[in-house]
Amino acid sequence: MQSPSEKKAGVYTYIGQWPIYSLAWSVRNDKRSRVAIGSFLEDYSNKVELVQFNLDTSDFTTDSRLIFDHPYAPTNLLFFPSEDTSNPDMIATSGDYLRLWEIHDDHIELKALFNGNKSSEFNSAITSFDWADFDTRRVATSSVDTTCTIWNIERETVDTQLVAHDKEVFDISWGGFNVFASVSGDGSIRVFDLRDKERSTIIYENPVPETPLLRLEWNKADPRFMATVGMDSNKIVIVDIRFPTIPLMELCKHKGSVNAISWAPFIGKQLCSAGDDSRALIWEAVGSNLRSENGGDMEPEMWYGSAAEINHARWSPVELDWIAIAFLNKLQLLKV
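Residues numbered from 1 in each chain as written. Predicted model: local features only at pLDDT ≥ 70, side-chain atom pairs only at ≥ 80, totals over all residues. Heavy atoms only, no water.

Draft legend 1. Local environment of unusual backbone geometry. Unusually for a residue other than glycine, Thr146 sits at a positive phi of about 80 degrees. When you line up the elements, Thr146 lands in the loop between strand 12 (138–143) and strand 13 (147–152). Positive phi, close to 70 degrees, is recorded for Asn178, a residue that is not glycine. Along the chain, Asn178 turns up in the loop between strand 15 (169–176) and strand 16 (179–184). (Helix = DSSP H or I, 4+ residues; strand = E, 2+ residues; numbered from the N terminus.)

Next up, the structure:
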């Protein structure tokens, strides 16, 4: 089905049926320009929809059979993180639980619901998760109950559950085999190594007292670096894990709170950020030889203005020149 859309040079807009909060790019070789969008409705019943973008014609197509109901607004979405088309076509979502869905040509079905607390009727919300591309059986989730959980999604079992922070954990990101990091309401980034579960390393603490860190993105292409954002902050903090506690740089050119950060794939030199100032900024964040004293003056390489506050931004993991952003009920694909 041809879908409602708007086009202008380098900007392609899909108009959804609901406000959009979460989004994800497909990784599979045969579905490289497919995007999942998650609704943000205050009802229990929310939606996830798959949208296909045609790179040749710049048209969006949708199929009403590839929309599924989701309890609560999904906090994150990720497709199976492999380009190999022999893998099953799956998408994971988080909200009240981590769920795994299998995508067929004409329907999407729930494959598994992951419940790490079967002894209680009560379940703590999953704030985010990351799916390891180096070991696709492993998904790491973060929760408001202060824990991080590593799931084996093949066996549908918990590999490891750690009390990770003193307050709720808001985001989580793999940095390599057995290594992940998380951010929390306690204002810290902590790095964990699953080979030594008793210990974690604090590599950055928010200098603003009592202020959570909400977003964390480990640079998959260059794992020396990670980016984080504090609550109600217009700054993106870049941390070099070789020099903990002192940020490599702070990028300060947003005029409102930053809601999303996403590293470019393959080389990992650039970072996209988006926020309440209705702008998506692209930074040359790595290799610019800037230390923190002048990072605050660094200007973005490019910027794009949208019509409203941007809720989410995701750089395509397989197409270096495409970024997806979400605001209001619109999904926009930016050719950069």
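More follows now that the structure is in view.
Draft legend 2. Broad picture of the nonpolar core. Residues Ala227, Ile236, Ile238, Leu251, Ile261, Trp263 and Leu271 are the most contacted members of the largest nonpolar core, which totals 17 residues. Among the secondary structure elements, those contributing two or more residues to this core are strand 20 (225–230), strand 21 (236–240), strand 22 (249–251), strand 23 (258–263) and strand 25 (279–284). Among all residues touching Ile261, those that are not within four sequence positions of it are Arg215, Leu216, Glu217, Ala227, Thr228, Val229, Ile236, Leu271, Cys272, Ser273, Ala313 and Arg314. In terms of nonpolar packing, the next biggest core, distinct from the first, is built from 16 residues, Ala260, Ala264, Ala280 and Tyr304 among them. (Core = buried A, V, L, I, M, F, W, Y, C linked by side-chain atoms within 4.5 Å. Buried < 20%, exposed > 50% of the residue type's maximum accessible area, 1.4 Å probe, protein only. Contact = heavy atoms within 4.5 Å.)

Draft legend 3. Spatial organisation of the packing of aromatic side chains. The full count for this structure, using the stated rule, is 14 aromatic pairs. The interplanar angle of 35 degrees and the centroid separation of 4.2 Å between the aromatic rings of Phe68 and Trp101 together place this pair among those described as tilted. Placement of Phe68 in strand 6 (residues 60–71) and of Trp101 in strand 9 (residues 98–103) is noted, with a sequence separation of 33 residues between them. One exposure class covers both Phe68 and Trp101, and it is buried. (Phe/Tyr/Trp six-rings, centres within 6.5 Å; stacked < 30°, edge-to-face > 60°.)

Draft legend 4. Representation of the side chain of Arg138. In this structure, Arg138 sits in strand 12. Setting aside its immediate chain neighbours within four residues, Arg138 contacts Asp130, Trp131, Ala132, Ile150, Trp151, Asp159, Trp174, Phe177, Asn178 and Leu194.

Draft legend 5. Local environment of empty space enclosed by the protein. If you walk through the whole model with that rule in mind, you get one cavity of 30 Å³ or more. Looking at the largest cavity, its volume works out to about 40 Å³. Around the largest cavity, the lining residues are Gly16, Gln17, Trp18, Pro19, Ile20, Ile37, Gly38 and Ser39. Of the residues contributing to the lining of the largest cavity, the split by class is four nonpolar, four polar and no charged. (1 Å grid on protein atoms, 1.4 Å probe; cavity = no way out; pocket = protein on both sides within 12 Å on 5 of 7 lines; lining within 4 Å. Points joined across faces, edges and corners; volume = space filled by probe spheres on them. Nonpolar A, V, L, I, M, F, W, Y, C, P; charged D, E, K, R; others polar.)

Draft legend 6. Representation of the pattern of salt bridges in the model. Under the counting rule described, the total for this entry stands at 22 salt bridges. Across the pair Arg190 and Asp166 runs a salt bridge, and its minimum N-O distance is 3.5 Å. Of this pair, Arg190 sits in strand 17 (residues 188–193) while Asp166 is found in the loop between strand 14 (157–163) and strand 15, placing the two residues 24 residues apart along the sequence. Owing to a relative accessible area of 13%, Arg190 belongs among the buried residues under this scheme. One salt bridge in this structure joins Asp222 and Arg224, with 2.7 Å as the shortest N-O distance. Among the residues examined, Arg224 registers a relative accessible area of 34% and is labelled partly exposed. Residues joined in a network through salt bridges with shared partners are Arg32, Glu83 and Glu319. (Salt bridge = Lys/Arg side-chain N within 4 Å of Asp/Glu carboxyl O.)

Draft legend 7. A look at the sheet that holds strand 24 (residues 270–275). What the four strands build is an open sheet, ordered 23-24-25-26; its pairing is antiparallel. What marks the edges here is a single partner per strand, and that holds for strand 23 and strand 26 (302–305). Across the sheet, the axes of successive neighbouring strands diverge by a mean angle of 15 degrees, strand direction being ignored. Looking at chain direction, strand 23 and strand 24 are connected through five bridges and run antiparallel. Within the sheet, the bridge partner assigned to Ala260 lies in strand 24 and is Ala274. (Pairing = 2+ DSSP bridges. Axes fitted to C-alpha atoms, helices over the stretch in contact; angles between N-to-C directions.)

Draft legend 8. Geometry of the state of the cysteines. In total, this model carries zero disulfides according to the counting rule given. Here Cys272 stays free of any disulfide, with the sulfur of Cys252 as its closest cysteine sulfur at 17 Å. (Disulfide = S-S within 2.5 Å.)

Draft legend 9. Layout of the sheet that holds strand 3 (residues 20–25). Overall, antiparallel pairing links the four strands, which are arranged 3-4-5-6 in an open sheet. A strand with exactly one partner marks an edge of an open sheet, and here the two such strands are strand 3 and strand 6. Each strand axis lies, on average, 20 degrees off the axis of its neighbour in the sheet, ignoring direction. Relative to strand 4 (residues 34–39), strand 3 runs antiparallel, the two sharing five bridges. Within the sheet, the bridge partner assigned to Ala24 lies in strand 4 and is Ala36.

Draft legend 10. Summary view of the UniProt feature "repeat: WD" (unreviewed entry) in the protein. Residues annotated in UniProt with the feature "repeat: WD" (unreviewed entry) correspond here to residues 162–202 and 251–284. With 0% helix and 56% strand, residues 251–284 has end C-alpha atoms that lie 10 Å from one another. (UniProt positions renumbered as here; feature names shortened; annotations may be inferred.)

Draft legend 11. Up close: the pairing of strand 11 (residues 126–131). Among the six residues that make up strand 11, six are buried, leaving the element largely enclosed by the rest of the structure. Two strands pair when backbone bridges link them, and strand 11 and strand 12 are joined in this way by five bridges, in the antiparallel orientation. Counted as the bridge partner of Ile126 is Ser143 from strand 12.

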